[in-house]
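What follows is the residue order along each chain.
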Amino acid sequence: MTTAPLPLAEQFQHGLQAPICLTWELTYACNLSCVHCLSSSGRRDPRELTTAECMAVIDELQRMQVFYVNIGGGEPTVRPDFWALVDHATGHDVGVKFSTNGVKITPEVARRLAGRDYVDVQISLDGATPEVNDAVRGRGSYEVALRAMRNLADAGFAGFKISVVMTRHNVGQLDVFKAIADRFGAQLRVTRLRPSGRGADSWNELHPTVGQQRELYDWLVAHGTDVLTGDSFFHLSGYGAALPGLNLCGAGRVVCLIDPVGDVYACPFAIHPSFLAGNVRDPGGFAGVWQHSELFSDLRRPQAGGACESCSAFGSCRGGCMAAKFFTGLPRDGPDPECVRGHGEQALAAAASAPAPRPSPDHSHRTAPYRTGERQPVPLTLSVRPPVSAHPPVSGRPPVSACNVNPLAGFIPER
Amino acid sequence: MACAASTKPVGQFDLDAPWQLDAQVRVRPEAFGALLYHFGTRQLSFLKSPALLAVVRSLGAQPSARAACTAAGVQAEDLMRYAHALQTLAASRMICERETR
């Protein structure tokens, strides 16, 4: 006699021997300063894993039978040992898909990549036009991404990915994104904007409107498995039929993140001490963190759905994204901030009085990025130094500095 | 050995042919069954029961898929369900017909 197996999503709630989808951010260094960067990247962290440490992690992933990793950053290709690490991974049964803004994808690199079996490339593009893209990713980034795509296509790299974060300004461009992907023989991937990293500061103005969420859902349903989503829109399943994919929050169960300094977080959208499970430099290594950390054990226990459990959509949306709730100040058993039934807006209004947790650490460049359409006057006051008279001192006039060695300092010739 | 292109019509699984896992496929056992990953197609598949895993693992050593099912203890009334699962795996190139000479 056989019994019907539990649905996979149920099985996955209890966790797996090893992650299915492991994101590994190799560096916090980045040439860009995207306003929604999940990892607040910009500056390299001096504690970054060394080449030898990265290779040891790869060997461990091979032992755990993690079949592929999603490498990102920061901009991973700016690590001088990036290609050596890719070679080491693919030589050890760990396939690589890496995300890049395209800055290092020269014709020569593209030709080398096209000859590889176990390497996939994902170019980030957040607008189908330079105006929309560069407002989020920085001036010139559209041209860099398109040049990388041309190089890959010219080199015969079929099926590379074009990855788009859905914002208020690009939902209306979905068909154009698809046309760009088709033109290069690439596959379109669209993912959800999270209020994580610098996204915490841009989410309010960038996340799709209620009407756009519906438009996006209908578009995704119409395109089925032609368009990848990284399973990131399961909160939209409340509209009707579930989208392709597992439709569950995999944090700590099937998904996790290794950051550039070896810290292991529950998911790529949850870089915050509350979701830190351990470090690959710990005595048990990555396997020890995955299998025994308190945080991951907790996430693998049945989760309370709170008031959402009484909602007819709960079976498909499962309460939505843990990280999106956390960084908008909503409780873990509360609704998703973008709940399609409108419960998120009410919860956000109720939570508005208390400040939401701030993402940390922050590796942002210390200089402000150029942002299209946001050129504002610099507030400064020009003043004319009033004539100096020996005494009495006039308030507002800088005193003669003790360091002023000019023998004429303070001397005003009489007229 | 990589899979040869199949000449069989889609939707028809030949239980009496010899089968094998594709050489580019790796298997990771899990409590629910197993994960299969094909390094060539970069596709992931799930085997949703330990019994199906046992069948898939023994394919290469058995003279036919039917024999692999029998060896794994699959009952006659369940055979078509397993054939359907194997057909799905064949369609995604996870398993392929073994060339015999």
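Scroll up to find the structure this text is about.
Residues numbered from 1 in each chain as written. Chains lettered and ligands numbered in written order. Predicted model: local features only at pLDDT ≥ 70, side-chain atom pairs only at ≥ 80, totals over all residues.

**Q** What exactly am I supposed to notice about the overall build of chain A here?
**A** Along the backbone of chain A there are 14 helices and nine strands. The proportion of buried residues among the 415 residues of chain A is 46%. The contacts of chain A with a sequence gap of at least 6 include a subset with a gap of at least 24, amounting to 68%. (Helix = DSSP H or I, 4+ residues; strand = E, 2+ residues; numbered from the N terminus. Buried ≥ 20, exposed ≤ 12 C-beta atoms within 10 Å, placed from the backbone. Contact = placed C-beta atoms within 7 Å.)

**Q** What is the right way to read the overall build of chain B from this model?
**A** A count of helical and extended segments in chain B gives three helices and five strands. Sorting the 101 residues of chain B into buried and exposed places 32% on the buried side. Long-range pairs, those at least 24 residues apart, make up 52% of the contacts in chain B between residues at least 6 apart in sequence.

**Q** Any chance you could explain unusual backbone geometry here in plain terms?
**A** Residues apart from glycine generally show negative phi values, whereas peptide bonds are mostly found in trans. All names here are of chain A. In this structure, the amide linkage connecting Gly73 to the following residue, Gly74, adopts the cis form with an omega of 20°. Relative to the elements of secondary structure, Gly74 occurs in the loop between β2 (68-73) and α3 (82-90). In this model, Ser360 is joined to Pro361 through a cis peptide bond whose omega is 5°. Tracing the backbone shows Pro361 in the segment after α14 (343-351). Of note in this structure, Asp231 is not a glycine but carries a positive phi near 60°. By the secondary structure assignment, Asp231 is in the loop between α9 (210-223) and β7 (255-258). You can call Asp231 partly exposed: it has 19 C-beta atoms within 10 Å.

**Q** Whenever I open this one, the sheet that holds strand β9 (residues 276-279) of chain A confuses me. Can you help?
**A** Hydrogen bonds between backbone atoms are what pair the strands of a sheet, whose relative direction is either parallel or antiparallel. Residue and element names in this part refer to chain A. Ordered in space as β6-β5-β4-β3-β2-β1-β7-β8-β9, the nine strands form an open sheet in which the pairing is mixed. For this open sheet the edge positions go to β6 (187-192) and β9, each flanked by a neighbour on one side alone. Each strand of the sheet is rotated relative to its neighbour by a mean of 25°, with strand direction disregarded. (Pairing = 2+ DSSP bridges. Axes fitted to C-alpha atoms, helices over the stretch in contact; angles between N-to-C directions.)

**Q** Help me understand the packing of helix α5 (residues 130-137) of chain A against helix α6 (residues 141-154) of chain A, please; the structure alone is not making it clear to me.
**A** A pair of packed helices is captured by two measures, namely the crossing angle of their axes and the spacing between those axes. All names here are of chain A. Running from N to C, α5 and α6 point in directions that differ by 110°, and their axes come no closer than 8 Å. As far as their axial angle goes, α6 and α5 are roughly perpendicular. Here Pro130, Asn133, Asp134 and Arg137 of α5 lie close against α6, whose contacting residues are Ser141, Tyr142 and Glu143. In the contact of α5 with α6, the residues fall into two nonpolar, two polar and three charged. (Parallel < 35°, antiparallel > 145°, perpendicular 65-115°, else oblique. Nonpolar A, V, L, I, M, F, W, Y, C, P; charged D, E, K, R; others polar.)

**Q** Even after reading the chapter, I still don't get helix α7 (residues 174-183) of chain A, so can you show me in this structure?
**A** Since the α-helix advances by 3.6 residues per turn, residues separated by three or four positions end up pointing in the same direction. Residues and elements named next belong to chain A. Considered for burial, the residues of α7 that qualify are Leu174, Phe177, Lys178 and Ala181. Buried positions in α7, seen along its axis, are confined to an arc of 100° and lie on one side of it. Exposed residues lying more than 90 degrees from the buried face of α7 are Asp175, Ala179 and Arg183. Two residues or fewer after α7 comes Gly185, characterised by a positive phi angle close to 65°. (Arc of directions from axis to C-beta.)

**Q** Just checking my understanding: could you explain the environment of Pro29 of chain B for this structure?
**A** All names here are of chain B. Residue placement: Pro29 occurs in strand β2 (residues 25-30). Once the C-alpha coordinates of Pro29 and Val55 are considered, the two residues, 26 residues apart in sequence, prove to be 13 Å apart. Excluding residues that lie within four positions of it along the chain, Pro29 makes contacts with Ala34 and Leu53.

**Q** Can you help me understand the packing of helix α2 (residues 51-63) of chain A against α3 of chain A in this one?
**A** All names here are of chain A. At a closest axis distance of 10 Å, the pairing of α2 and α3 adopts a crossing angle of 20°. Accordingly, the angle class assigned to the pair α2 and α3 is roughly parallel. In the crossing of α2 with α3, the sense of the turn from one axis to the other is right-handed. On α3, the residues that touch Thr51, Cys54, Met55 and Ile58 of α2 are Ala84, Leu85, His88 and Ala89. For the contact of α2 with α3, the residue count by class is six nonpolar, two polar and no charged. (Left-handed = near helix turned anticlockwise from the far one by under 90°.)

**Q** Help me out: how do you make sense of the environment of Leu79 of chain B in this one?
**A** Residue and element names in this part refer to chain B. By the element assignment, Leu79 lies in helix α3 (residues 79-91). We classify Leu79 as partly exposed; it has 15 C-beta atoms within 10 Å. When the C-alpha atoms of Leu79 and Ala23 are compared, they prove to be 25 Å apart, with 56 residues separating the residues in sequence. When near neighbours in sequence (up to four residues on either side) are disregarded, Leu79 contacts Cys69 and Val74.

**Q** How do you make sense of the pairing of β6 of chain A when you look at a structure like this?
**A** Each regular strand carries side chains that alternate between the two faces of the sheet. Residues and elements named next belong to chain A. The pairing of strand β5 (residues 161-166) with β6 spans six bridges and is classified as parallel. Bridging across to β6, Val165 finds its partner in Thr191. One crossover worth recording links β5 to the parallel β6 by way of α7, and it is right-handed. (Right-handed = clockwise from strand over helix to strand, strands pointing away.)

**Q** How should I be thinking about the nonpolar core in this particular structure?
**A** One recurring pattern in soluble globular proteins is that nonpolar side chains are buried together. Counting residues in hydrophobic clusters, the biggest one holds 132 residues, and the most contacted among them are Val69, Tyr265, Cys267 and Ala270 of chain A together with Ile95 of chain B. With six residues, the single largest contributor to this core is α6 of chain A. In this structure Cys267 of chain A touches Ala251, Val255, Cys256, Leu257 and Ala323 of chain A, once residues within four positions along its chain are discounted. (Core = buried A, V, L, I, M, F, W, Y, C linked by C-beta atoms within 7 Å.)

**Q** I would appreciate a short explanation of the sheet that holds strand β4 (residues 43-47) of chain B in the present structure.
**A** Residues and elements named next belong to chain B. Here three strands make up an open sheet; going across it, the order is β2-β3-β4 and the pairing antiparallel. Here the strands that pair on one side only, and so sit at the sheet edges, are β2 and β4. Here the strands of the sheet are splayed against their neighbours by 20° on average, with no regard to which way each runs. Relative to strand β3 (residues 33-38), β2 is paired through six bridges, and the arrangement is antiparallel. Across the sheet, residue Arg26 finds its bridge partner in β3, namely Tyr37.

**Q** I keep staring at the pairing of strand β3 (residues 95-100) of chain A and nothing clicks. Help me out?
**A** All names here are of chain A. Burial runs high along β3: five of the six residues are buried. Where the polypeptide runs from β2 across α3 and back to β3, its parallel neighbour, the crossover connection is right-handed. When β3 meets strand β4 (residues 119-124), the two strands line up parallel, connected through five bridges. Residue pairing across strands places Thr100 opposite Ile123, the latter belonging to β4.

**Q** Got a minute to help me understand the environment of Arg358 of chain A in this structure?
**A** Residue and element names in this part refer to chain A. Position of Arg358 relative to the elements: it lies in the segment after α14. Arg358 gets classed as exposed once you count the C-beta atoms within 10 Å, which come to 10. With 30 residues separating them in the primary sequence, Arg358 and Thr328 have C-alpha atoms 9.3 Å apart.

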